[in-house]
Amino acid sequence: MSATNPLKKDDVPAPATAGEGNRTQKVSINIPPVIFGTSGLGNLYEALSDEVKLAIVKECFVHSKGPAVFDSAGKYGAGLALESLGKCLRELNIKPEDVIISNKLGWVRTELKTPEPTFEPGVWKDLKYDAVQHISYDGIMECFEQGNELLGGYVPQLVSVHDPDEYMAQAKTEAEADKLYQDILDGYRALADLKAQGKVQAIGVGAKSWPIIKRIAADVQLDWVMIANSMTLKEHPQDLLDFMQELKQQGVQVINSAVFHGGFLIGGEYYDYKHVSPDLEENKELFKWRDEFFALCKEYNITPAQACVQFALHTPGVVSLALSTTNPKRVKQNIDNAYATVPTDFWKAMKDKGLLEQDYAYLD
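Residues numbered from 1 in each chain as written. Predicted model: local features only at pLDDT ≥ 70, side-chain atom pairs only at ≥ 80, totals over all residues. Heavy atoms only, no water.

Points about the overall build of the protein
- Scanning the protein from terminus to terminus reveals 11 helices and 14 strands.
- Here the C-alpha atoms of the protein give a radius of gyration of 20 Å, agreeing with the 21 Å that 2.2 N^0.38 yields for 364 residues.
- Projected onto its principal axes, the C-alpha positions of the protein cover 55 × 45 × 45 Å.
- Counting across all 364 residues of the protein, residues that qualify as buried make up 55%.
- Only carbon and sulfur atoms are counted for the fraction: they give 49% of the accessible area of the protein, which is about 15,900 Å². (Helix = DSSP H or I, 4+ residues; strand = E, 2+ residues; numbered from the N terminus. Rg over C-alpha atoms; globule rule 2.2 N^0.38 Å. Buried < 20%, exposed > 50% of the residue type's maximum accessible area, 1.4 Å probe, protein only. Areas by Shrake-Rupley, 256 points an atom, 1.4 Å probe, with all protein chains shown as cover.)

Regarding the pattern of salt bridges
- This structure, assessed with the given rule, holds 16 salt bridges.
- In this structure, the salt-bridge partner of Glu 120 is Lys 208, at a minimum N-O distance of 3.9 Å. Of the two residues, Glu 120 sits in the loop between strand E6 (107-111) and strand E7 (129-133) while Lys 208 sits in the loop between strand E9 (202-207) and helix H6 (210-219), which places them 88 residues apart along the sequence.
- Where Asp 336 meets Lys 332, a salt bridge forms, and the shortest distance between an N and an O atom there is 2.7 Å. Note that Asp 336 and Lys 332 are positioned in helix H10 (residues 330-337) at a spacing of 4 residues, about one turn of the helix.
- Residue Asp 336 is classed as partly exposed on the basis of its relative accessible area, which comes to 32%.
- Judged by relative accessible area, Lys 332 falls into the partly exposed class, the value being 39%.
- Here the salt bridges do not stand alone but share partners, grouping Lys 75, Glu 120, Asp 163, Glu 166 and Lys 208 into one network. (Salt bridge = Lys/Arg side-chain N within 4 Å of Asp/Glu carboxyl O.)

Let's talk about the environment of Pro 211
- In this fold, Pro 211 is placed in helix H6.
- Between the C-alpha atom of Pro 211 and that of Asp 239, which follows or precedes it by 28 residues, the distance is 9.8 Å.

Regarding the pairing of strand E10 (residues 224-228)
- Most of E10 sits out of view: 5 of its 5 residues are buried.
- Neither face of E10 is open: one carries Trp 224, Met 226 and Ala 228, the other Val 225 and Ile 227, and all of them are buried.
- Of the pairings in the sheet, the one linking E9 to E10 comprises 4 bridges and is parallel in character. Looking across to E10, one finds that Val 205 is bridged to Val 225.
- Crossover E9 to E10 through H6 is right-handed. (Pairing = 2+ DSSP bridges. Right-handed = clockwise from strand over helix to strand, strands pointing away.)

Looking at the environment of Lys 75
- Summarising the element assignment, Lys 75 is placed in the loop between strand E4 (69-73) and helix H2 (80-91).
- When the C-alpha positions of Lys 75 and Ser 230 are compared, they lie 19 Å apart, and in sequence the two are 155 residues distant.
- When near neighbours in sequence (up to four residues on either side) are disregarded, Lys 75 contacts Trp 107, Phe 119, Glu 120, Trp 124, His 162, Asp 163, Glu 166 and Lys 208. (Contact = heavy atoms within 4.5 Å.)

Let's talk about the packing of helix H8 (residues 284-299) against helix H11 (residues 344-352)
- Packing of H8 against H11 leaves a shortest axis separation of 11 Å and a crossing angle of 155°. Judged on the interaxial angle alone, H11 and H8 are roughly antiparallel. Here H8 runs over H11; the crossing is right-handed. Taken together, the residues of H11 that come into contact with H8 (itself represented by Trp 289, Phe 293, Leu 296 and Cys 297) are Phe 346, Ala 349 and Met 350.
- Here the contact of H8 with H11 is composed, by residue class, of 7 nonpolar, no polar and no charged. (Axes fitted to C-alpha atoms, helices over the stretch in contact; angles between N-to-C directions. Parallel < 35°, antiparallel > 145°, perpendicular 65-115°, else oblique. Left-handed = near helix turned anticlockwise from the far one by under 90°. Nonpolar A, V, L, I, M, F, W, Y, C, P; charged D, E, K, R; others polar.)

Concerning H6
- Here H6 has its buried residues at Trp 210, Ile 212, Ile 213, Ile 216 and Ala 217. An end-on view of H6 places all buried positions within 150° of arc, on one side of the element.
- Taken together, the buried residues of H6 touch helix H4 (164-168), helix H5 (174-196), E9, E10 and helix H7 (238-250). (Arc of directions from axis to C-beta.)

A look at the sheet that holds strand E8 (residues 158-162)
- The strand order E3-E4-E5-E8-E9-E10-E11-E14 describes a closed barrel built from 8 strands, whose pairing is parallel. When the angles between neighbouring strand axes are averaged without regard to direction, this sheet yields 25°.
- When strand E11 (residues 253-257) meets strand E14 (residues 318-323), the two strands line up parallel, connected through 4 bridges. Opposite Ser 257, over in E14, you have Ala 322 as the bridge partner.
- Along the sheet, H2 makes contact with E4 and strand E5 (100-105), crossing E4 at roughly 145°.

Observations regarding the nonpolar core
- Among the nonpolar cores identified, the biggest contains 107 residues, and Phe 70, Leu 89, Tyr 188, Leu 222, Leu 233 and Phe 346 are the most heavily contacted of them.
- For this core, the leading source of residues is H5, giving 9 residues.
- Of all hydrophobic cores here, the second largest spans 10 residues; its members include Ile 100, Ala 202, Trp 224 and Met 226. (Core = buried A, V, L, I, M, F, W, Y, C linked by side-chain atoms within 4.5 Å.)

A closer look at the state of the cysteines
- As enumerated under the stated definition, the model contains 0 disulfides in all.
- Residue Cys 308 stays outside any disulfide, its sulfur separated by 7.2 Å from that of Cys 297, the closest cysteine. (Disulfide = S-S within 2.5 Å.)

See the structure below:
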């Protein structure tokens, strides 16, 4: 395995603003177009055997075009994804310097006291633990240390605060919202300290709701952002595109995640991690969109996954996609999709049929 340094320092000094305490020297992340999501290692939708998990991780190293990069989080399977990833890396004899890990911090493993976990009910299978969100200076430090323990000898180079949008959603009053946002800033103070101590190399944010990313980016010196369920072939609002362009100009790199909307855009039964039925009236339009999308893909001899990946990868500022799978055979396919060619006429046809909100011409 190559010991390629994934991160290279940027000589541009960080600007001084109101968020001075959370600002550190910015770095540029050198990662391949596809990084590997690990939600499947945490038993998302189905409980995988240890043998299948090992096969998935092995395929990532076999086929990765560049350093193998894994994106994980304490929330994934209440820490099971981190635990499984570390176990697989040890079984494959991967040296710590030969793997890049992103750990999104903010959820702590706790005792399971109910029949199923209290977070995202019905999504995670056969878990032995629960997880609770704990965002503060001490909470993020606890998440970092617990994550390292679960990884068992591997330390993430990339860290972030996970799901700040969900954390803010707890607020019932403006005063509560101010307190919760201060907790988030305190969490970033912890990340800045970890970076200053050389324990991590780059700081980011991972959220499904992009407006909270925009707010944090105004107060914190971010190296990268991960946008989930937001910039996809199905959903790509102009104001988000404009924000991503701003990030690009600022040198903040974008990792695009959940570009299949939980698997729905490639034939799955879940949309944004919620089960959807074609029999319900509220889902009719969603399934109609997918049927027409699938028909166009067939007409232009491309797969839905190729269309989704190519669209998501070529929006402003995006340097990589985080793609997950529960099937080892799909690892290579996920990577190959990043290098596929989609005819220009396909994008025009999508726009003409009203399946594409914005003009396809803005694609990088």
